[in-house]
Amino acid sequence: MNPKRCPSRYTRTAAFTLIELLVVIAIIAMLLAILTPVLRSARQQGRTVVCIANLRQIGVAIIAYAAEHNDHIPLGPEGLPPPNFYNVTGNVTSLICLSNRKPVGLGLLLDKYLADQPEVLFCPGSDQPTDAGVQLGRFGKYETESVYYFRHGSLAAMTGTP
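How should the state of the cysteines be read in this particular structure?
Covalent bonding between the sulfur atoms of two cysteines defines a disulfide. Counting across every chain of the model gives one disulfide. Disulfide pairing is shown between Cys51 and Cys123; the S-S distance is 1.4 Å. Here the S-S torsion is close to 75 degrees, and the disulfide linking Cys51 with Cys123 is therefore right-handed. Remark: Cys123 occurs in the loop between strand E1 (93–97) and helix H2 (132–138) and Cys51 occurs in helix H1 (residues 18–68); sequence separation between them is 72 residues. Cys123 matches Cys51 in its accessibility class, with the two residues each being buried.

What follows is the structure in structure tokens.
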């Protein structure tokens, strides 16, 4: 008798077959295709929640500013001669600092009311993303803007004064 035994062609080894491997890869690909839009949506919802929280903080800061300034909210840029885009005080603006280094609009809140959290002026879910660090680094040196637009109530169009 021969002690060596020939393996049967029907003996199965512990390895995966190519078909099994392809089926597993296909299942994983389908799961990723299903989950990717869900994860993207959850990420966008998270950004939206941050933007809403930022707007709330800005609102609280405006109320605090008004409480200390005779119920006046921060003013936007003053009217400058044409061709300046902001030709009347009170126009909608995203500017927080003018080219002359003076803070305006929401920028007036940065010194005291938003000093600990200046990044609230920038929404991570904005359709036109802005690098908050770059813009805040320019504040007080160059014209700077936030992603939020601000408009205060003004009679400037009728009287010429805020």
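Explain the packing of aromatic side chains to me, please; I cannot follow it from the model alone.
Within a pair of aromatic rings, the relevant descriptors are the distance that separates the centres and the angle that separates the planes. In total, this model carries one aromatic pair according to the counting rule given. Between Tyr65 and Tyr113, the ring centres sit 5.7 Å apart and the planes meet at 70 degrees, which makes this aromatic pair edge-to-face. Remark: Tyr113 occurs in the loop between E1 and H2 and Tyr65 occurs in helix H1; sequence separation between them is 48 residues. Classification of Tyr65 as buried rests on a relative accessible area of 13%. Among the residues examined, Tyr113 registers a relative accessible area of 17% and is labelled buried.

Cut-offs used in this document
- Residues numbered from 1 in each chain as written.
- Predicted model: local features only at pLDDT ≥ 70, side-chain atom pairs only at ≥ 80, totals over all residues.
- Heavy atoms only, no water.
- Disulfide = S-S within 2.5 Å.
- Helix = DSSP H or I, 4+ residues; strand = E, 2+ residues; numbered from the N terminus.
- Buried < 20%, exposed > 50% of the residue type's maximum accessible area, 1.4 Å probe, protein only.
- Phe/Tyr/Trp six-rings, centres within 6.5 Å; stacked < 30°, edge-to-face > 60°.

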